[in-house]
Amino acid sequence: QLKRAGRLYNVEANLKIVSADEVKNEIDLAFTARNRLHLVECKTANLAGTENPGRAETRAAHVGYKLDTLRDFVGGSFGKAMLVSFLPLPKVDRVRCESYGIKVVQARRLAFLREELLQWID
């Protein structure tokens, strides 16, 4: 709807990004709006758990770091990033993402995703 309304341009889903040293990543959604690159990562899994039993870093922290790195790599200082999570994030992870400048839309706010996107773009 937002693309048809002329609010989003160059919309790409499942965009593959390869760094100079050939590290491969995929982002769920990328688009331009108001001359800025916007990256969106969508998660339905519980991000509160850890990737590896021996590590304290949660999945949400890992996703936040990935988004922060990719935004800077492909979007530069004007790039923007958003994490959309079906389940609520632990507060520490939400605060960490926000400290990276990553917009977080989670759980109950998904019903208002269109409004969240419009506010984020503008």
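Residues numbered from 1 in each chain as written. Predicted model: local features only at pLDDT ≥ 70, side-chain atom pairs only at ≥ 80, totals over all residues. Heavy atoms only, no water.

### A word on the sheet that holds strand β4 (residues 80-85)
In step 1: If you trace the five strands from one edge of the open sheet to the other, you get β1-β2-β3-β4-β5, paired in mixed fashion. Of all the strands in the sheet, just β1 (9-18) and β5 (102-106) have a single pairing partner and so form its edges. Within this sheet the neighbouring strands show an average axis-to-axis angle of 25°, counted without direction.
In step 2: Two strands pair when backbone bridges link them, and strand β3 (residues 36-43) and β4 are joined in this way by six bridges, in the parallel orientation. Among the inter-strand pairings, Lys-43 is bridged to a residue of β4, identified as Ser-85.
In step 3: Relative to β4, helix α3 (residues 113-121) is tilted by about 165°, and along the sheet it contacts β2 (24-33), β3, β4 and β5. (Pairing = 2+ DSSP bridges. Helix = DSSP H or I, 4+ residues; strand = E, 2+ residues; numbered from the N terminus. Axes fitted to C-alpha atoms, helices over the stretch in contact; angles between N-to-C directions. Contact = heavy atoms within 4.5 Å.)

### Points about the pairing of β3
In step 1: Relative to β3, β2 runs antiparallel, the two being bridged by five bridges. Residue Ala-30 lies in a different strand from β3, and its bridge partner there is Leu-39.
In step 2: As consecutive antiparallel partners, β2 and β3 are separated by two residues, and within that stretch Arg-34 has a phi angle of approximately 55°, a positive value.

### Points about unusual backbone geometry
In step 1: Its identity is not glycine, yet Asn-14 carries a phi of approximately 55°, on the positive side.
In step 2: Relative to the helices and strands, Asn-14 resides in strand β1.

### Quick look at the pattern of salt bridges
In step 1: All told, the structure shown has ten salt bridges when counted by the stated rule.
In step 2: With a closest N to O distance of 3.9 Å, Asp-122 and Arg-34 form a salt bridge. Of this pair, Asp-122 sits in the segment after α3 while Arg-34 sits in the loop between β2 and β3, and the two are 88 residues apart along the sequence. As far as the burial class goes, Asp-122 and Arg-34 line up, both exposed.
In step 3: Two residues, Arg-109 and Glu-116, come together in a salt bridge whose shortest N-O distance is 2.8 Å.
In step 4: In this structure Arg-109 comes out as partly exposed when scored by relative accessible area, which is 39%.
In step 5: Judged by its relative accessible area of 7%, Glu-116 is buried.
In step 6: Salt bridges here are not isolated pairs; linked through shared partners, they connect Arg-7, Arg-34 and Asp-122. (Salt bridge = Lys/Arg side-chain N within 4 Å of Asp/Glu carboxyl O. Buried < 20%, exposed > 50% of the residue type's maximum accessible area, 1.4 Å probe, protein only.)

### Some points on α3
In step 1: Residues of α3 that are buried include every one of Glu-116, Leu-117, Leu-118, Trp-120 and Ile-121, and no others.
In step 2: On its buried face, α3 is in contact with β2, β3, β4 and β5.

### Here we look at the packing of helix α1 (residues 59-75) against helix α2 (residues 91-99)
In step 1: Two elements in contact, α1 and α2, have axes whose closest approach is 9 Å; the angle formed by their N-to-C orientations is 5°. By the angle between their directions, the pair α1 and α2 is classed as roughly parallel. Listed contacts from α2 to Ala-60, Ala-61 and Gly-64 of α1 are Asp-93, Arg-96 and Cys-97.
In step 2: Looking at the contact of α1 with α2 residue by residue, the class counts come to three nonpolar, one polar and two charged. (Parallel < 35°, antiparallel > 145°, perpendicular 65-115°, else oblique. Nonpolar A, V, L, I, M, F, W, Y, C, P; charged D, E, K, R; others polar.)

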